[in-house]
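A structural walkthrough
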Amino acid sequence: MNKKATNQYLTTLNGIRLTLKRGDLLDPMVSGNKYWKLKYNLREAQVQNDLGVLTFGGAFSNHLAETAAATAAMGLRSVGIVRGEEWAQKENQSPTLQFCKQKGMSLRYLSRSDYRQKETTAFLQHYQKTYPGYRLLPEGGTNPLALQGCAEVLDENDHPFDTICTPVGTGGTLAGLAMGGRTNQQFVGFSVLKNEGLNTQIKKLNPNTNWTLNTDYPLGGYAKTPPELIEFINDFKKKFTIPLDPIYTGKMLFGIFDLINKGLWRWGNNVLVVHTGGLQGIAGVNQRLAQKGATLLD
Ligand SMILES: *Cc1c(COP(=O)(O)O)cnc(C)c1O
């Protein structure tokens, strides 16, 4: 299972040449970057003869979906600890949770305050005791083995690009990609959440200076999907026949197009934009948009 994402030329805007790395094509359902982040973790689980994997996420989490799918494919069990006890009563309202269950993941629901304890030693010891033989992975899957998987995404075909862009949640993908970069390459992450401490957090994962974090395009905050974003993604799909998810890649490309159109692009002119996948999230977002009577994603 060594899947490579292909590059696809997109367009040239104000002299900036944009190419897309199609991580979304690794699997139509689950995130390309979560595959990169899980690869060595699951290999380690196999080598260590672990029973399965236990991990954490929200009710629409790409990480939970990918963990459920990837562990099932390898004959490993999986447990998903879900943020928000209310979801126990409305599993059927989350296409992500439905998918996880279909893949055989056992779901456990936690109140938001309990969920916030998920990185404490006492909490992790409790789960390790309750699920012996399971490998515990953090929310989003960011750990040293995840970074190693991301560091191997770029190959010799990517050497000509002077700038590489990726969306940022925890920053594990940005930090890992930048580890695999060449001296001529600058990495630009687009944060999808408002988090003051994020830059410092990513510095701990990768202290190099070959990456920067843009924080101007969370567009209202994590999982917020304003009409101008939905319109951008629908236009993008019409124009390029490429789908974008509204949580990560949609916001990044909205930001890239906006910066270039406004003449504010400060990086190189041969840009590789990493499509990290996440398309499974579209169904859940459409459900919420429909409840509000808003325009849906095509
Ligand atoms: C999780 C995710 C990201 C963010 O990855 P981090 O390593 O947490 O920064 C980006 N894109 C998609 C589609 C994701 O699912």
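Residues numbered from 1 in each chain as written. Predicted model: local features only at pLDDT ≥ 70, side-chain atom pairs only at ≥ 80, totals over all residues. Heavy atoms only, no water.

Observations concerning the nonpolar core
- Core analysis: the biggest nonpolar cluster contains 37 residues, and Leu18, Phe190, Phe236, Leu253, Ile256 and Trp265 have the highest contact counts within it.
- Contributing elements (two or more residues each) for this core: strand S1 (7–13), strand S2 (16–22), strand S8 (186–191), helix H9 (227–240), helix H10 (249–261), strand S10 (270–275) and helix H11 (281–291).
- Tallying contributions element by element places H10 first for this core, with seven residues.
- Those residues in contact with Phe190, other than ones at most four positions away along the chain, are Cys165, Thr166, Pro167, Val168, Asn214, Tyr217, Met252, Gly255, Ile256, Leu259 and Trp265. (Core = buried A, V, L, I, M, F, W, Y, C linked by side-chain atoms within 4.5 Å. Buried < 20%, exposed > 50% of the residue type's maximum accessible area, 1.4 Å probe, protein only. Helix = DSSP H or I, 4+ residues; strand = E, 2+ residues; numbered from the N terminus. Contact = heavy atoms within 4.5 Å.)

Concerning the pattern of salt bridges
- The final tally for this structure, using the stated rule, is ten salt bridges.
- Note that Lys262 is salt-bridged to Asp258, the shortest N-O span being 3.0 Å.
- Beyond isolated ion pairs, a larger network of salt bridges with shared partners links Arg83, Lys118, Glu119 and Glu139. (Salt bridge = Lys/Arg side-chain N within 4 Å of Asp/Glu carboxyl O.)

Here's the deal with the site of the ligand
- Taken together, 16 residues surround the ligand, and among them Lys34, Lys37, Thr170, Thr173 and Thr276 come closest.
- Elements with a contribution of two residues or more to the shell around the ligand: helix H1 (32–47), strand S7 (163–168) and helix H7 (172–179).
- Looking at which element gives the most residues to the shell around the ligand, the answer is H1, with three residues.
- Looking at side-chain class alone, the shell around the ligand contains three nonpolar, eleven polar and two charged residues.
- Shared between two domains, the shell around the ligand holds at least three residues of each, these being domain 1 (7–28 + 151–292) and domain 2 (34–141). (Near = heavy atom within 4 Å. Nonpolar A, V, L, I, M, F, W, Y, C, P; charged D, E, K, R; others polar. Domains from an automatic or database assignment.)

With respect to the sheet that holds strand S5 (residues 106–110)
- Pairing within the open sheet is parallel, and its four strands lie in the order S5-S4-S3-S6. Looking along the sheet, the strands with just one partner apiece sit at the ends: S5 and strand S6 (134–136). Going from strand to strand, the sheet's axes swing by 25° on average, the running direction of each strand aside.
- In this structure, strand S3 (residues 52–57) lies alongside S6, joined through three bridges in parallel fashion. In the sheet register, Val53 faces S6, and the bridge partner there is Arg135.
- Helix-sheet contacts for helix H2 (residues 62–74) involve S3 and strand S4 (77–83), and the interaxial angle to S3 is about 165°.
- Across the face of the sheet, helix H5 (residues 121–130) comes into contact with S3, S4, S5 and S6 while running at roughly 165° to S6. (Pairing = 2+ DSSP bridges. Axes fitted to C-alpha atoms, helices over the stretch in contact; angles between N-to-C directions.)

A look at the packing of aromatic side chains
- Inspection of every chain in the model, using the stated rule, returns 16 aromatic pairs.
- Centre to centre, the rings of Phe60 and Trp87 are 5.4 Å apart; their planes meet at 90°, and the pair counts as edge-to-face. On the criterion of sequence distance, the pair formed by Phe60 in the loop between S3 and H2 and Trp87 in the loop between S4 and helix H3 (95–102) is long-range, its members being 27 residues apart.
- Judged by relative accessible area, which is 22%, Phe60 ranks as partly exposed.
- Ring geometry for Phe123 versus Tyr127: centroids 5.0 Å apart, planes at 50°, classification tilted. Here Phe123 and its partner Tyr127 are both found in helix H5, four residues apart, which amounts to about one turn of the helix. Judged on exposure class, the residue Phe123 and its partner Tyr127 are both buried.
- Members of the aromatic cluster, joined through ring pairs, are Phe190, Tyr217, Phe232, Phe236, Phe240, Phe254 and Phe257.
- Against the face of Trp87 rests Lys90, its NZ or CZ located 4.3 Å from the ring centre.
- Its guanidinium or amino end placed over the ring of Trp211, Lys203 lies 4.7 Å from that ring's centre, counting from NZ or CZ. (Phe/Tyr/Trp six-rings, centres within 6.5 Å; stacked < 30°, edge-to-face > 60°. Lys NZ or Arg CZ within 6 Å of the ring centre and 35° of its normal.)

Focus: the sheet that holds S10
- Strand order in the open sheet formed by six strands is S1-S2-S10-S7-S8-S9, with mixed pairing between adjacent strands. Only two strands of the sheet have a single neighbouring strand rather than two, namely S1 and strand S9 (211–214). Put simply, the sheet's adjacent strands are angled 25° from each other on average, direction ignored.
- In terms of strand pairing, S8 meets S9 through four bridges, oriented parallel. In the strand pairing of S9, Phe187 is matched with Trp211.
- Seen against the sheet, H7 touches S7, S8, S9 and S10 and runs at an angle of roughly 175° to S8.
- Sitting on the sheet, H10 is in contact with S1, S2, S7, S8, S9 and S10, with an inclination near 160° to S10.

Interpretation note: all reported values are geometric properties and have no functional meaning in isolation.
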